[in-house]
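# Survey of secondary and tertiary structure
What follows is the residue order along each chain.
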Amino acid sequence: MKSSIIADSGRLKWIVLGRDAEKSPQVIDTNQYLIVCDGQGMLLDPGGIEIFPRVLAELTRHLALDRIRVLFASHQDPDIISSLPLWLDLNPDAVTYCSRLWTGFIAHFATGKEARMETIPDGGMNIPIPGTSAQVLAVPAHYCHSSGNFSIFDETTRTLFSGDVGAALLPDHHASLYVDDLRDHVRYMEGFHRRWMPSTMALRGWVARVRALAPTLICPQHGSIFRGAAVGQLLDWLETPEVGQWTEDDGAAARRKSPRRVGA
């Protein structure tokens, strides 16, 4: 697994952990994001159980484990948060934030430890990073693709964690970390969005909220990060597809996201 600093204000930085060459081919590749401010950390979508050892090893190159103060789950999927009990075993004082819809579901992952859960109301909220004056904004992203879903925006660096919005199913872990031009990248996003985003209205509502925030980086949980002109290109593109309408062609994206059965 690799890690890279993608934003740095001098006091607050964002680090992406991903491009895991050691993961099983059955496991979809994910990006985990660490926000560090004044020596305290917030981990966004910490990932699944299978990749936990490599996320942990890479994360501790940047921050001591007991400095992870906040865990954030954009929604309830296992690739987002099934590693929760492992993080709690090592750092039981960490607080987990997620949608009010999913606390009872995510708690199923917390075997052996009772997670300290903070619920995010549907309208969003500011999430503080304890031990600092920093906070980030939980931005409503409902039905993009989960019914209780949030993005995270940091005003200091103007970085937006978008979860599955803007996600791409890349051919391998050697793909570029950044998207500088959307035209070639669309082929990795299109089928995913048509199948996994259930509501065109919700997706366009998310775009309107994000335009008002004016991020300079958009960081999805799968695929490459959008910067520069690609930020505006992505938002323009997200307003065009009619999503939630399954076709045979779109089935390929679902099959690539879903783990294959042994022997299949």
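Heads up: these notes are all about the structure in this document. No experiment lies behind these values; they were computed from the predicted model shown. (Residues numbered from 1 in each chain as written. Predicted model: local features only at pLDDT ≥ 70, side-chain atom pairs only at ≥ 80, totals over all residues. Heavy atoms only, no water.)

### Focus on the overall build of the chain
For clarity, the threshold we go by: What counts as a helix is a DSSP run of H or I of at least four residues, what counts as a strand is a run of E of at least two, and both are numbered from the N terminus. Atoms counted for the radius of gyration: C-alpha only. Globule rule: 2.2 Å times residue count to the power 0.38. Only protein chains enter the accessibility calculation, which uses a 1.4 Å probe; a residue whose area is less than 20% of its type maximum is buried, one above 50% is exposed, and one in between is partly exposed. Computed with the Shrake-Rupley method and a 1.4 Å probe, the accessible areas treat only the protein chains shown as cover for residues. His residues and chain termini do not enter the charge count, which takes Lys and Arg as positive and Asp and Glu as negative. Charge coordinates come from a single atom per side chain, which is NZ of Lys, CZ of Arg, CG of Asp or CD of Glu.
Tallying secondary structure elements over the chain gives eight helices and 14 strands in all. Computed over C-alpha atoms, the radius of gyration of the chain comes to 17 Å, within 12% of the 18 Å expected from 2.2 N^0.38 for 264 residues, which places it in the range of a compact globule. Looking at the chain residue by residue over its 264 residues, the buried ones come to 55%. Summing over all exposed atoms, the chain offers an accessible surface of approximately 11,400 Å²; the carbon and sulfur share of this is 51%. Of the side-chain charges in the chain, 26 are positive and 30 negative, and the distance between the mean point of each set is 1 Å.

### Regarding unusual backbone geometry
Of note, the bond from Cys-144 into His-145 is cis; its omega dihedral lies within 30 degrees of zero at 5 degrees. You can see His-145 is positioned in the loop between strand E9 (135-140) and strand E10 (150-154). If you check the backbone angles, Asp-45 has positive phi at about 45 degrees while not being a glycine. Tracing the sequence through the fold places Asp-45 in the loop between strand E4 (40-44) and helix H1 (52-59). According to the relative accessible area criterion, Asp-45 is buried, its value standing at 0%. The phi dihedral of Arg-158 falls on the positive side, at around 55 degrees, and the residue is not glycine. In this fold, Arg-158 is placed in the loop between E10 and strand E11 (159-163).

### Here we look at the nonpolar core
As a rule of thumb, soluble globular proteins bury nonpolar side chains together. Defined as follows: Residues belong to one nonpolar core when they are buried, are Ala, Val, Leu, Ile, Met, Phe, Trp, Tyr or Cys, and are joined through side-chain atoms within 4.5 Å. Only heavy atoms matter for contacts: two residues are in contact if any of them lie within 4.5 Å across the pair.
By size, the foremost hydrophobic cluster in this structure holds 28 residues, and its most contacted members are Cys-144, Met-189, Trp-206, Ile-218, Phe-226 and Leu-238. Listed by contribution, the elements that provide at least two residues to this core are helix H5 (182-196), helix H6 (200-213) and helix H7 (229-238). Once residues within four sequence positions are removed from consideration, Ile-218 is found in contact with Leu-160, Ser-162, Val-210, Ile-225, Phe-226, Val-231, Leu-234 and Leu-235.

### A look at the packing of H5 against H7
Quick reminder of the rule: Fitted lines through C-alpha atoms give the axes, limited to the stretch in contact for helices. The angle between two N-to-C directions lies from 0 to 180 degrees. By the definition adopted for this analysis, an angle is roughly parallel if under 35 degrees, roughly antiparallel if over 145, roughly perpendicular if from 65 to 115, and oblique otherwise. It is the rotation of the near helix from the far one that decides the hand of a crossing: anticlockwise by less than a right angle makes it left-handed, clockwise makes it right-handed. Gly is put with the polar residues, along with every residue not named as nonpolar or charged; the nonpolar set is Ala, Val, Leu, Ile, Met, Phe, Trp, Tyr, Cys and Pro, and the charged set is Asp, Glu, Lys and Arg.
For the pair H5 and H7, interaxial distance at closest approach is 12 Å and the crossing angle is 40 degrees. Overall, the two elements H5 and H7 adopt an arrangement that is oblique. Taken as a pair, H5 and H7 cross one another with a handedness that is right-handed. Each of Leu-182, Val-186, Met-189, Glu-190 and His-193 in H5 lies in contact with H7, whose residues at this interface are Gln-233, Leu-234, Trp-237 and Leu-238. Of the residues assigned to the contact of H5 with H7, the class counts are six nonpolar, two polar and one charged.

### Brief notes about the sheet that holds strand E14 (residues 225-227)
Heads up, the condition is: Pairing between two strands requires that DSSP report at least two bridges joining them.
Here seven strands make up an open sheet; going across it, the order is E8-E9-E10-E11-E13-E14-E12 and the pairing mixed. A strand with exactly one partner marks an edge of an open sheet, and here the two such strands are strand E8 (125-128) and strand E12 (178-179). Pairing analysis gives two bridges linking strand E13 (residues 217-220) to E14, with the strands arranged antiparallel. Within the sheet, the bridge partner assigned to Ile-218 lies in E14 and is Phe-226. On the sheet, H6 packs against E9, E10, E11 and E13 and is oriented at approximately 150 degrees with respect to E9.

### Thoughts on the packing of H6 against H7
Contact geometry for H6 and H7: axes closest at 9 Å, N-to-C directions at 150 degrees. Regarding the angle of H6 to H7, the classification is roughly antiparallel. Two packed elements cross with a definite hand, and for H6 against H7 that hand is left-handed. From H6, Leu-203, Trp-206, Val-207, Val-210 and Arg-211 reach across to H7, where they touch Leu-235, Asp-236 and Leu-238. For the contact of H6 with H7, the per-class residue count stands at six nonpolar, no polar and two charged.

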